[in-house]
Amino acid sequence: MSVAVVAAADDVQPRLSMREVSRRRAIKRFKWSILSPLIALMGFVLLPVLFLQLYFSLHQWTVYLGSWWDADWVGLDLFKEVLTDPRFGWAAVRSLMFATGSTIGCFLMGFALAYLMYKPFRGQALYYIIFILPMLTVPVVVAYTAEMMLYQSGPINDAITRIIGIEFKPAWLTNPHIALPTVMLLEIWNWTPFSFIIMLAGLSSIPKEPIEAAEILGASKWRIFWEVQIPLLRPVIFLALILRFLEAMAEFPKTWALLQGGPGTATETLPVYIFITTWQYFQISKGAAMSYIVMVMMVVIVLIAIRILRQEKQTLDTVYGNKAAGNSGSGS
Amino acid sequence: MIKSQRRRATSIVRYIVLSLWAVIAFFPIYWMVSTSFKPDTQWFTWPPVYFPDPPTLDNYLNVWFGAEQYAATQYSISSQKPLISLGNSAIIASTSTLLAVLFGSVIAYGVSRYKILSEVRMFQLLMLRMIPPIVIVAPLSLFYSALGLLDSMVGLILIYFLTSLPYAVWMTKSFIDEVPREIEQAAEILGASRWRTVFEIVLPLIRSGLVATFLFILILTWSEYLLALILTKTQVTTLPIELSKYQGSTEGRVYGRQAALAVGITVPLMIVGLIIRKHLARGFSFGMVRR
Amino acid sequence: MTKSKISRRTFVEGGVGLTVANFLPGTTPLAFAASMEESTIAAAKTAGAADVTGMIWSPYLVPMQPVIADFKKATGIGIGGVQDISIFDAPQRAMAEALSRSPQFDFIHIDSNMIPSLASAGYLEPLDEYMKKANFKIEAVADYANFMTYKGQTYGIPTDGNVHIQYVRKDLIENSDNKKRFADKHGKELKFPETWEDEFRIQQALMDPAKDLYGSGSLRNRANGPTWWYMMFYSAGGFTFDDDMNATLNTPAGQYALEIYLQEKKVAHPESAGWGTPQMIPRIAQGHVVTCQYWDGTAKLNENPAKSKTTGNWLYGLVPGSDFSGKRIHRSISSPLAAILINKYSPRKAQAAYLALWLGSGKNSIPIVSDPVNTFNDAWAKEHMKSEAVQKAYSPAGIKAIEANFQVVAPPTYLTGFLEFQDTLGKNLSEAYVGQLPAKDVLKKTDEEWNAIVGRIGRTKLKADLASYKAVMPKRNVPV
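1. A short note on the overall build of chain C
Right, on to step 1. Across its full length, chain C holds 24 helices and 15 strands.
Right, on to step 2. Relative to a compact globule of 480 residues, whose C-alpha radius of gyration would be 23 Å, chain C shows 23 Å and is just as compact.
Right, on to step 3. Dimensions of chain C along its principal axes, counting C-alpha atoms only, are 70 × 55 × 35 Å.
Right, on to step 4. Residues classed as buried in chain C amount to 67% of the 480 residues present.

2. Considering the packing of aromatic side chains
Right, on to step 1. By the definition in use, this model includes 63 aromatic pairs over all chains.
Right, on to step 2. One aromatic cluster is present, formed by A:Phe107, A:Phe111, A:Tyr115, A:Tyr118, A:Trp222, A:Phe225 and A:Trp226 through successive ring pairs.
Right, on to step 3. One cation-aromatic arrangement involves B:Arg14 over A:Phe121; the distance from NZ or CZ to the ring centre is 4.8 Å.
Right, on to step 4. Directly above the ring of B:Trp31 sits B:Lys38, whose terminal nitrogen or CZ lies 3.8 Å from the centroid.

3. So, the sheet that holds strand S9 (residues 289-295) of chain C
Residues and elements named next belong to chain C.
Right, on to step 1. The strand order across the open sheet built from four strands is S8-S9-S7-S10, with neighbouring strands paired in mixed fashion. Edge positions in the sheet fall to strand S8 (214-216) and strand S10 (314-317), since each has one partner strand and no second. The sheet shows a mean angle of 25° between the axes of neighbouring strands, taken without regard to direction.
Right, on to step 2. Where strand S7 (residues 164-169) meets S10, four bridges bridge the pair, whose relative direction is antiparallel. Bridge pairing in S10 places Arg169 opposite Trp314.
Right, on to step 3. Lying over the sheet, helix H13 (residues 225-235) contacts S7 and S9, oriented at roughly 95° with respect to S9.

4. Side note on unusual backbone geometry
Right, on to step 1. Of the consecutive residues B:Asp53 and B:Pro54, the connecting peptide bond is found in the cis state with omega at -5°.
Right, on to step 2. Topologically, B:Pro54 is positioned in the loop between helix H1 (2-36) and helix H2 (58-65).
Right, on to step 3. Positive phi values are uncommon outside glycine, yet A:Phe282 reaches one of about 55°.
Right, on to step 4. Relative to the assigned elements, A:Phe282 resides in the loop between helix H12 (270-279) and helix H13 (284-324).
Right, on to step 5. Phi is positive for B:Asp151, which is not a glycine, with a value near 60°.
Right, on to step 6. Structurally, the position occupied by B:Asp151 is in the loop between helix H6 (137-147) and helix H7 (153-176).

5. Comments concerning the side chain of C:Gln422
Right, on to step 1. Position of C:Gln422 among the secondary structure elements: in helix H22 (residues 418-433).
Right, on to step 2. Apart from residues no more than four positions distant in its own chain, C:Gln422 is found in contact with C:Pro226, C:Thr227, C:Tyr230, C:Ser335, C:Pro412 and C:Thr413.

6. Regarding the interface of chain B and chain A
Right, on to step 1. Between chain B and chain A, the residue contacts involve 102 residues of the former and 101 residues of the latter.
Right, on to step 2. Roughly 9,600 Å² is buried in total at the junction of chain B and chain A, and carbon and sulfur atoms are behind 77% of that figure.
Right, on to step 3. Taken together, the links from chain B to chain A amount to two salt bridges.
Right, on to step 4. Between chain B and chain A we count 11 residue pairs in polar contact (both at pLDDT 80 or more) in total.
Right, on to step 5. When residues in the side of chain B that touches chain A are grouped by element, the largest group, 16 residues, is from H1(B).
Right, on to step 6. In the side of chain B that touches chain A, the residues fall into 75 nonpolar, 15 polar and 12 charged.

7. Here we look at a nonpolar patch on the surface
Right, on to step 1. Among the surface-exposed residues, B:Leu57, B:Leu61, B:Phe65 and B:Leu83 lie close enough to one another that they form a single nonpolar patch of about 400 Å² accessible area.
Right, on to step 2. When you line up the elements, B:Leu83 lands in helix H3 (residues 82-114).

8. Let's talk about the pairing of strand S3 (residues 107-111) of chain C
All names here are of chain C.
Right, on to step 1. The buried count for S3 comes to five of five residues, which makes it a mostly enclosed element.
Right, on to step 2. Bridge count between strand S1 (residues 50-55) and S3: two bridges; the pairing is parallel. Of the residues in S3, the one forming a bridge with Met55 is Ile108.
Right, on to step 3. Pairing analysis gives five bridges linking S3 to strand S14 (residues 338-342), with the strands arranged antiparallel. Note that in S14 the partner of Ile110 across the bridge is Ala339.

9. Description of the environment of C:Asn224
All names here are of chain C.
Right, on to step 1. Tracing the chain through its elements places Asn224 in the loop between S8 and H13.
Right, on to step 2. In the structure, Asn224 is positioned 134 residues away from Ala90 in sequence and 15 Å away in space, judged by C-alpha atoms.
Right, on to step 3. Once residues lying within four places of it in the same chain are set aside, the contact partners of Asn224 are Phe88, Leu219, Gly276 and Trp295.

10. Some details on the confidence of the model for chain C
Residue and element names in this part refer to chain C.
Right, on to step 1. Summing up the model confidence of chain C, the mean pLDDT is 87 and the portion of residues at 70 or higher is 93%.
Right, on to step 2. pLDDT under 50 marks residues 1-33. Its contacts with residues more than four places away, or in other chains, come to 32 contacts.
Right, on to step 3. Model confidence for the complex is summarised by a pTM of 0.86, with the ipTM given as 0.88.

11. Remarks on the nonpolar core
Right, on to step 1. Counting residues in hydrophobic clusters, the biggest one holds 353 residues, and the most contacted among them are A:Phe131, C:Leu118, C:Trp229 and C:Tyr294.
Right, on to step 2. Setting aside residues up to four positions removed in sequence, C:Trp229 forms contacts with C:Leu249, C:Gly254, C:Ala257, C:Leu258, C:Tyr261, C:Leu425, C:Leu429 and C:Leu443.
Right, on to step 3. Of all hydrophobic cores here, the second largest spans 12 residues; its members include A:Met148, A:Tyr151, B:Trp46 and B:Val254.

Criteria and cut-off values
Residues numbered from 1 in each chain as written. Chains lettered and ligands numbered in written order. Predicted model: local features only at pLDDT ≥ 70, side-chain atom pairs only at ≥ 80, totals over all residues. Heavy atoms only, no water. Helix = DSSP H or I, 4+ residues; strand = E, 2+ residues; numbered from the N terminus. Rg over C-alpha atoms; globule rule 2.2 N^0.38 Å. Buried < 20%, exposed > 50% of the residue type's maximum accessible area, 1.4 Å probe, protein only. Phe/Tyr/Trp six-rings, centres within 6.5 Å; stacked < 30°, edge-to-face > 60°. Lys NZ or Arg CZ within 6 Å of the ring centre and 35° of its normal. Pairing = 2+ DSSP bridges. Axes fitted to C-alpha atoms, helices over the stretch in contact; angles between N-to-C directions. Contact = heavy atoms within 4.5 Å. Buried area = accessible area lost by both parts, 1.4 Å probe. Salt bridge = Lys/Arg side-chain N within 4 Å of Asp/Glu carboxyl O. Polar contact = N/O pair within 3.5 Å; in protein donor to acceptor, adjacent residues only side chain to side chain. Nonpolar A, V, L, I, M, F, W, Y, C, P; charged D, E, K, R; others polar. Patch = residues over 30% accessible without salt bridge, like charges linked within 9 Å, V, L, I, M, F, W, Y side chains within 5 Å. Areas by Shrake-Rupley, 256 points an atom, 1.4 Å probe, with all protein chains shown as cover. pLDDT = per-residue confidence, 0-100. Core = buried A, V, L, I, M, F, W, Y, C linked by side-chain atoms within 4.5 Å.

See below:
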């Protein structure tokens, strides 16, 4: 866009072209003096890592089998092994379930809280502070605190029993049907503030005019909510969902510190299974093949996510115009 | 009149719902703090003990200062004390964050003013953050061990720097976008170089934004677990890793000490978070929220 | 404690000035007993002074510190930095070390069942040479020293026996009401269990969930489950592999062991599927358990009135056995058996090795295993069994039980790839215990997965390991 603007400037003021040329050259120099160290650094760290990963996924190697550079070439055998491994399949299913469930949970909770709070009221600031606290708790701390609280006669069950007056005794961490949802609840507890913050910012930034106009026209709150607020919030909603989903796919500290994949394999998600394969079984090669598959999967998901986010951002730019989008480009 | 009644009802419902969630949000934190003040007979009991009776500072003295006879850490040597981990965490998190913010803000300036990265590239930069670290950590540790970066602060700083860069670029860009261009144009006409413009005009103008960005990213690097778990050994331990050592074996888990350590890890983060609470949305929203 | 401290110091001085010790009147037996310590010091001096670094969990290290300080005084060899890491995380970290062939740690303090894996990865320094020079022998109870050997070489020095013993609540089993009820129902006398079947009957008869008293306190979680299962499997006459390295879990002995293992659900706390020691040890010490097999160190905790509600209320003895194979076999287990191993890539391996020998002499380790506060290191040496300090810490009955169990102690899969074998089994057992996997499939599935592991690590290689594994298995079926 800057190019277009600069070109336009050229047309208007041809006499500056000499200066413009040197200016453009300077900008280019400026650009590369910023980007080249970044690219060099990424190349320095990421290329060898990706190369090693590829090497290991095509060669059969574990620590017991001599030096890694002498490992046997096995072609795509490892990928075949991983893709036909039901344990890997289940881990993927669990990861997806975990990510989906916790994303939706975080979003609904965060949105509800934000909706109740976006108009000023007494105590708003205090609630805000309390609500963001869970996000400021380190995930490992969440895991260990959860362990302190979630045993069967622990404070959570005990408190609920006292409040509702009926014996409430789920075995949060040891019942294989409940264990994964328990971690999900922890994730929701931990990251609802994230959705809450984004949705609160989104709700408060909606311009008042369309809502007021709708009110004057006699629209019900319900209709205003669905037909005015939600469409305006779409980009923010997508953002909250996508970021949360990606982070939840990668969630490791809580699941690992709390349950290490157990009971049985009830909480063995993809990161946990890769960790076990690589750092407990020391099947470096199989772990590398798994990592590659997961990486490809995640790149695809991220690319789709980026596409959605970009589209939403462009809609936003058209709705709000360039003014609100900041002074992007050199033209404004 | 009906309307005002309805409004009052709504307001009561709102307070009930919000207070309920406030309790849910706060209870685990309360439990952590209260456990850290409990004597060891009250950590794990049937039924649970809600208030430390009597409250004791033993856990803190023991964990942070190695006091008292129980002390798993009593004779511990060299790098293994939490205070040292605290130092490590502080140095690693703040250095990598500082680098990310400095470098990120320059990139952000370039993007904001000269579009040196297209929007697609900007989003692709986010991939650095969004690919789960577990998929690269094994080869990374081999590569690091070849370079001698394993178990060094430099190694962790480098990888934290790279993974927090996307947030730094996006967040500082949102601040730079708000700075009017006229001042820079004036400087440019006066013959100032672009670098001088960045460092002497633009960045000072968004000072508070840089601080917010710094603290925001500090939250993320401070709590990182997996990379620190695998890339460190003896010389360097960050606090979250230190915490996972407090699982007892023959004595049962030492919840009280663990909680005392957990409080120490969490409190700095909460302070930081509360300082920048107004800016959190900006950090997370990648330009999706317009003000 | 004080007594042993003084005498230890005497040895050190003896080591520093051999002549002095030898000519002191009345120290002849002392000097004689100290010879192993002295020769260790003499040999260590040839290696030169150094501060060695290692990977060790601080609860293990703390009681060793005074003993190490003595060695430092005598030889200049002490400890520099350590990585303070839980014994349960140490295997993975050690493998990561082996992976990068890192010279960073001079020694690692770790489950000795990791010896085959780490030795195969080329990480371990054999200790026989050092032991010869220092005139040192591992003087462990029964054949326990075998646990330190792999392919004919010694790779580790034990610091923690960690053998399983049987715990039975004395007050419950000797209660006359209980005795009468039990006799009426089963037509048998209520007494210390000898077989798995006995134990289960007792657990069922005496448990009372209404009073938060459950029959069993044995572990059934994913990480620890296999440790218990092996006792049942071995005692039924089973063994993990045939001579051709095909997994043989899915055999009558395996099925029997699995049945015993899973019936626990009826007498254990509903949360047992997820509980490890952090939850279970307080349960045992606070009196919520009738009987169980557990690591011997818990006896020290039980007998410490400051930390236990059940002091004096325990009977200790041999773990249950089985008649399944046609004759009575008892099999206890030692896992994790903490030992000091030396890194082959370390520039200070000699110093680290001698330090390990110093810590591993029977005499020097008495204060280590009898520390009343840091109770992680458990008795293992012949000398411990006679020591007053140790007897006091475990109670004489506890020591007797430890000695008996040592005679029939077996390892888990003592093979290269231990972690993988162990976790695969643990995962399947845990899945069966929580009902994710039908019991009939557990052993079949484990056999298949184990055979895949064998294929990956190499059948020929593992066949060569098998002899070392069998050498560690106990020779006696019933202790004398």
